[in-house]
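Each chain is listed here by its residues.
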Number of protein chains: 2
Amino acid sequence: MKRYLMAPGPVAVDPHVMLVMAEPVIHHRSPQFSEILTRVREDLKYVYQTKNDIFIMASSGTGGMDASVSNMLSPGDKAICIIGGKFGERWAELCQTYGVETVNIDVEWGRAVDPGQVEDALSAHPDCKAVFVQAHETSTGVKHPVKELGEIVAKRDNTLLIVDAISAMGVYDLKTDEWGLDVVVSGSQKSFSLPPGLSMVSVSEKAWRFAEQAKCPRYYFNFLKERKALAKKTTAYTSAVSLIIGLGEVLKQFKAMGLDALFAHHRRLSEAVKTAVASMGLELFPKDASEAITVIKAPEGIDGTEVVKVLREEYGITIAGGQAHLKGKVFRISHYGYLSEWDMIIAIAAIERALNQLGHKVAFGSGVAAAEEYFANS
Amino acid sequence: MKRYLMAPGPVAVDPHVMLVMAEPVIHHRSPQFSEILTRVREDLKYVYQTKNDIFIMASSGTGGMDASVSNMLSPGDKAICIIGGKFGERWAELCQTYGVETVNIDVEWGRAVDPGQVEDALSAHPDCKAVFVQAHETSTGVKHPVKELGEIVAKRDNTLLIVDAISAMGVYDLKTDEWGLDVVVSGSQKSFSLPPGLSMVSVSEKAWRFAEQAKCPRYYFNFLKERKALAKKTTAYTSAVSLIIGLGEVLKQFKAMGLDALFAHHRRLSEAVKTAVASMGLELFPKDASEAITVIKAPEGIDGTEVVKVLREEYGITIAGGQAHLKGKVFRISHYGYLSEWDMIIAIAAIERALNQLGHKVAFGSGVAAAEEYFANS
């Protein structure tokens, strides 16, 4: 069966990039690789819109989140966790793991955090060393206002803003330096359109002060060691050379395209699908929806898991279902990855067909027509 | 320039395996990937010669070592570290990081540990919860006697044998279950002949008792969570899907070949090169040399780093130099990875030529002749 991958990660990869990664392996300590690594780090700064150091580690995105807690804090520290989805919960779990006390700001799933609430929490708990947030919460499709959070946290010398941008960086505008984002985590398998296996983390000047004092135990994920390695144009431990070479190739494409065009592309796919959702008589799950993914409520009487299953098993199309208490309630389509407008047409047509097959009537072509119209006229 | 990779990792990868990894990405939570992951785990057990669970994590080998400390021990515990090279030192550093007190057995670099010394250390410190060792110390090319260590440690209910087998597993015989190896770490970029980015760790029944009580903080590397994920045929965090698919391909080849033939192949390459070393009038660095790599002393007056550089920059051949205090003193050639007898002929010829070029006289063909004769007659 011809297969299509449109889940919020892992994502489809450009076959050209796959073939570049299939070229003979080079040694991670060779001058040839150092040169590639240095260029990749510079090009990453372009996407991150930062002058900060960026480290590339062999791990999934969660490894980068783990590193961001253990490298910045000490047991007994206090931190604010913004929890509006599965990945917000992950920040709190990570803090607990390292003995960091958390002040949790629980946000309704599907809603963005109100910056005022964070300001209040920081005033009530001025000893909080960090605010942990998702730029984009992949489980709900919500964008948190990291620009506003940056303004709030930047005023405080003793607090960092630590951002999980795994499904946001490279998807839409995130001005790391201008907005004061101190630690920003991304991963290879989202907008960077690569297979999973790399996490990338930027560290601000302010954050280095914390890293130098942090007492959480860390060895494999150690920014101080990575900084020393960076000075020698290498990584602390064996680099995932093939993935980094692939990242270099994707970044070349991003630079050729320009950030504005890259972000406009994702917005365009997102708006077309969201327009189609309305035309099919369906509803978005999030009230504060992002352009990274579209999260659609399963219609009354339909199990979202079944929609995902029909698409995957009968049509060869992989989208994602809901996580945690959203299991069965929603299904999720990605707008990042190696995807075109026509892939979105496929996704919409497949949803029309699957819903009818499962007993929920949707006029064939109703969503597709709206998307075509959007693409043609915008 | 046509390039050859013969370093002790990363290693050359079969182009067929590279192309299998270049096939379209599949989702890590799909039934299609679960099936692959389950088969890969079973096939890994064949190479590990074990019934124990094996976890596959997205990280370099050091990540697997980190996991083996944090998942088995608690701050304040005591452990024996066998230190006969750079990677032995890494065990001790990891223990220090997690607040584990170490009893260090310092072994002359180039020598295997004497099992009697470990027995004595355990008698003197019966409260040691673990013995940490390298099956093969990649920095010196030495094989430690893990079988004998297994016998010693197996008698003690409250001590584990934790083995870094990163450059040993799949290279030569390591009977995980029969020898009582409790936690065994390997990595993708050594004998498994893949790009870097995966660590694999087996955990014995005895080790699970420790994992359930261990208090070191751990989140990304968490065997208890991985065990739960395994029951659902998945990994705790996003799997490095492409590398795991590549691993499946390599394991298919290993199974078709059989372990005896696989090990014999490495032994054959090793013996040919070691015979050539003697014929060239050179010396091996290690007194207890392994068949995994050959570590050659740079002849008097020759900087080993220059040998590596001439091979890489002028001939297109990557071997490795010495690490830490062996820098400049030795150079290292791998016998694992996607390598044939003819690659060893290239390596020997290149060394003959480079040494002459650098001013150390070696008769052209002296090493090659010895290797040819070995290959022809054994």
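Right above here is the structure, for reference.
We now turn to the structure provided with this report. (Residues numbered from 1 in each chain as written. Chains lettered and ligands numbered in written order. Predicted model: local features only at pLDDT ≥ 70, side-chain atom pairs only at ≥ 80, totals over all residues.)

1. Things to note about the nonpolar core
Ranked by internal contacts, the top residues of the largest apolar core, which has 268 residues, are Val131(A), Val163(A), Val131(B) and Val163(B). Not counting residues up to four positions away in its chain, the partners in contact with Val131(A) are Ile80(A), Val118(A), Leu149(A), Val153(A), Thr159(A), Leu161(A) and Ile162(A). (Core = buried A, V, L, I, M, F, W, Y, C linked by C-beta atoms within 7 Å. Buried ≥ 20, exposed ≤ 12 C-beta atoms within 10 Å, placed from the backbone. Contact = placed C-beta atoms within 7 Å.)

2. Quick look at the environment of Asp173(A)
If you trace the backbone, Asp173(A) turns up in the loop between strand S8 (160–164) and strand S9 (183–187). Separated by 20 residues in the primary sequence, Asp173(A) and Val153(A) place their C-alpha atoms 19 Å from one another. (Helix = DSSP H or I, 4+ residues; strand = E, 2+ residues; numbered from the N terminus.)

3. Remarks on the sheet that holds strand S13 (residues 320–321) of chain B
Within a beta sheet, neighbouring strands are joined by backbone hydrogen bonds and run either parallel or antiparallel to one another. Residues and elements named next belong to chain B. Here three strands make up an open sheet; going across it, the order is S11-S14-S13 and the pairing antiparallel. Both outer strands of the open sheet, strand S11 (293–297) and S13, are each paired with one neighbouring strand and no more. Pairing of S11 with strand S14 (residues 330–334) involves five bridges; the strand directions are antiparallel. Within the sheet, the bridge partner assigned to Val295 lies in S14 and is Arg332. (Pairing = 2+ DSSP bridges.)

4. Re the interface of chain B and chain A
Counting residues at the interface gives 44 residues for chain B and 44 residues for chain A. Residue assignment for the side of chain B that touches chain A shows that the elements contributing at least two residues are helix H1 (15–21), helix H3 (61–70), helix H4 (86–97) and helix H9 (241–257) of chain B. Looking at the side of chain B that touches chain A element by element, the count peaks at four residues for H3(B). Here the residues of the side of chain B that touches chain A sort into 23 nonpolar, 16 polar and five charged. (Nonpolar A, V, L, I, M, F, W, Y, C, P; charged D, E, K, R; others polar.)

5. Quick word on the relation of the copies chain B and chain A
For the pair chain B and chain A, the relating rotation is 180°, the translation along its axis is 0.0 Å, and the fit reaches an RMSD of 0.0 Å. The superposition of one copy onto the other is thereby described by a two-fold rotation axis. Across chain B, the rotation axis passes nearest the C-alpha of Ser59(B), at a separation of 2.4 Å. Mapped onto chain A, 100% of the interface residues of chain B again fall at the interface, so both copies present the same surface. (Least-squares fit on C-alpha atoms with pLDDT ≥ 70 in both.)

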